[in-house]
Amino acid sequence: MKKIIKLTLAVTCVMFSTSLFAQKFARINMQEIVMAMPEFEQMQKDVEAFSKELGEQLEAIQVEFNNKYAEYQKNRESLSESVRNLKEQELQSLQQRYTDFQQIAQNDLEKKQAELFQPIHQKAMDAVKKISAAGGYTAVFDTTVQALAYYNESTVVDIAPAVRAELKIPEKPATEAAAAAPAAK
């Protein structure tokens, strides 16, 4: 009976130790993948258009303020005290409206960017999960954040080519990849 327990324990230890060594790890630069996706380029165009629209509205408020201020400066001396106070309050109100709209526009722009980015990021993550599961990887490290102090690049597989293929992102031409390599270091 003792021999069976010892044999079972030995087999369990061997299986456990081999499963530790059989783990596969991979790496990927998620930022590079996401930025290479065609959807990301479209997102940038959409965010830029939205930003331009907000900028035009902000500029309209500024033009209105400038016109009213110029009129106020021109007629200031001829206005009665009560009308002058009323015009000054109107100018302050416009200035406050400009400041408020500027803050709201900034928040709206950030929300729009996050709203447009989320499905792109999710699509990239889904591709990474699919490739990782198919390759049997235990963990995939995102090299964008550089949270690891060290890893041996020869033993940690770069799954970026497989993810690019899954997302149908063309590989970079050799000249573009060579130009980007020094910038990445």
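**Student:** Let's hear about the packing of helix α4 (residues 81-135) against helix α5 (residues 160-167): which residues, and what values?
**Tutor:** Contact pair α4 / α5: the axes reach a minimum separation of 9 Å and the direction vectors enclose 120°. Comparing their axes, α5 and α4 come out oblique. The handedness of the crossing between α4 and α5 is right-handed. Mapping the contact onto sequence places K123, A124, A127, V128, K130 and I131 in α4 and A162, V163, E166 and L167 in α5. Along the lines of polarity and charge, the residues of the contact of α4 with α5 split into seven nonpolar, no polar and three charged.

**Student:** Quick one: what's the story with the nonpolar core, residue by residue and with numbers?
**Tutor:** If you look at the biggest cluster of nonpolar residues, it comprises 32 residues, and the most contacted ones within it are I28, I33, A124, I159, V163 and L167. Contributions of two or more residues to this core are made by β1 (25-28), α2 (30-36), α3 (38-75), α4 and α5. The greatest single-element share of this core, amounting to 11 residues, is contributed by α4. Excluding its chain neighbours within four sequence positions, the residues that come into contact with I33 are I28, A124, A160, V163, R164, L167 and I169.

**Student:** Mind laying out the pairing of β1, listing which residues take part and the relevant values?
**Tutor:** Strand direction decides the pairing type here: β1 and strand β2 (residues 139-142), joined by four bridges, are parallel. Residue F25 lies in a different strand from β2, and its bridge partner there is A139. Bridge count for β1 against strand β3 (residues 157-158) is two bridges, and the pairing is parallel. Across the sheet, A26 pairs through a bridge with V157, a residue of β3.

**Student:** Let's hear about the side chain of R164: which residues, and what values?
**Tutor:** Mapped onto the elements, R164 comes out in helix α5. Taking the relative accessible area as the measure of exposure, R164 reaches 4% and is therefore buried. In terms of polar contacts, R164 uses its side chain to reach the backbone carbonyl oxygen of P170, at 3.2 Å.

**Student:** Help me get a handle on the sheet that holds β2, residues and values and all.
**Tutor:** Sheet architecture is open: three strands sit in the order β2-β1-β3, paired in parallel fashion. Single-partner strands in this sheet number two, and they are β2 and β3.

**Student:** Give me the environment of M43: which residues, what numbers.
**Tutor:** Looking at where M43 falls in the secondary structure, it is placed in helix α3. Residues M43 and F117 lie 74 residues apart in sequence; the distance between their C-alpha atoms is 7.0 Å. The contact partners of M43, leaving out residues within four places of it in the chain, are Q113, L116, F117 and I120.

**Student:** Lay out the packing of aromatic side chains with the relevant residues and their values.
**Tutor:** The geometry of an aromatic ring pair comes down to the distance between the two centres and the angle between the two planes. On inspection of all chains with the given rule, the structure shows two aromatic pairs. Seen in terms of ring centroids, F25 and F141 are 5.9 Å apart; in terms of plane orientation they differ by 25°. Their pairing is stacked. Within this pair, whereas F25 is found in strand β1, its partner F141 is found in strand β2, the two being separated by 116 residues in sequence. F25 sits in the partly exposed class, given a relative accessible area of 29%. By relative accessible area, F141 is classed as partly exposed at 27%. Ring centres 6.0 Å apart and planes at 10° place the aromatic pair F65 and Y69 in the stacked group. Taken as a pair, F65 and Y69 lie in helix α3 at a separation of four residues, close to a single helical turn. One cation-aromatic arrangement involves K24 over Y137; the distance from NZ or CZ to the ring centre is 4.8 Å.

**Student:** Before we move on, could you go through α4 and cite the residues and values that matter?
**Tutor:** With 55 residues, α4 should reach 81 Å at 1.5 Å per residue; the first-to-last C-alpha distance of 80 Å fits that figure. Where the residues of α4 are buried, they touch β1, α2, α3, β2 and α5.

**Student:** If you had to explain the confidence of the model for the chain to someone new, which residues and values would you point to?
**Tutor:** In the predicted model, the chain carries a mean pLDDT of 85, and 81% of its residues have values of at least 70. By mean pLDDT, the top-scoring element of the chain is α2 (96), and the lowest-scoring one is helix α6 (residues 174-184) (45). A low-confidence stretch, residues 13-19 stays under pLDDT 50, and its non-local contacts, those more than four residues away or across chains, total zero contacts. A low-confidence stretch, residues 174-185 (pLDDT under 50), is modelled with two contacts involving residues beyond four sequence positions or located in other chains.

How each quantity is defined
Here the residue index of a chain counts from 1 through its sequence in written order. Selection of residues for local features in this predicted model requires a pLDDT of at least 70, selection of side-chain atom pairs for listing and counting requires 80 or more, and totals for whole chains, interfaces and linings are taken over all residues. For side-chain calculations, the full set of non-hydrogen atoms in the structure is used, while hydrogens and water are omitted. Axis definition: a line fitted to C-alpha atoms, over the contacting stretch in the case of helices. Angles run 0 to 180 degrees between N-to-C directions. By definition, any uninterrupted DSSP run of H or I lasting at least four residues is a helix, any uninterrupted run of E lasting at least two residues is a strand, and each is numbered from the N terminus. Put simply, angles under 35 degrees are roughly parallel, angles over 145 are roughly antiparallel, angles from 65 to 115 are roughly perpendicular, and the rest are oblique. A clockwise turn of the near helix away from the far one marks a right-handed crossing, whereas an anticlockwise turn of less than a right angle marks a left-handed crossing. We call two residues in contact when some of their heavy atoms are within 4.5 Å. For this classification, Asp, Glu, Lys and Arg are treated as charged, while Ala, Val, Leu, Ile, Met, Phe, Trp, Tyr, Cys and Pro are nonpolar and the rest, including Gly, are polar. Among buried residues, the Ala, Val, Leu, Ile, Met, Phe, Trp, Tyr and Cys ones that are joined through side-chain atoms within 4.5 Å form a nonpolar core. The buried label goes to any residue with under 20% of its type's maximum accessible area, the exposed label to any with over 50%, and the partly exposed label to all in between, with areas taken from a 1.4 Å probe on protein chains only. Two strands pair if DSSP finds at least two bridges between them. Polar contact criterion, stated in full: a pair of N or O atoms within 3.5 Å, where within protein one must be able to donate a hydrogen and the other to accept it, and residues adjacent in sequence count only if both atoms are side-chain atoms. A pair of Phe, Tyr and Trp rings is counted when the ring centres sit within 6.5 Å of each other, with Trp represented by its six-membered ring. The angle between the planes then sorts it: under 30 degrees is stacked, over 60 is edge-to-face, the rest tilted. Two conditions define a charge located above a ring, namely a distance within 6 Å from the ring centre to NZ of Lys or CZ of Arg, and an angle within 35 degrees of the ring normal. Expected span of a helix: the number of residues minus one, times 1.5 Å. Per-residue confidence from the predictor is given as pLDDT, running between 0 and 100.

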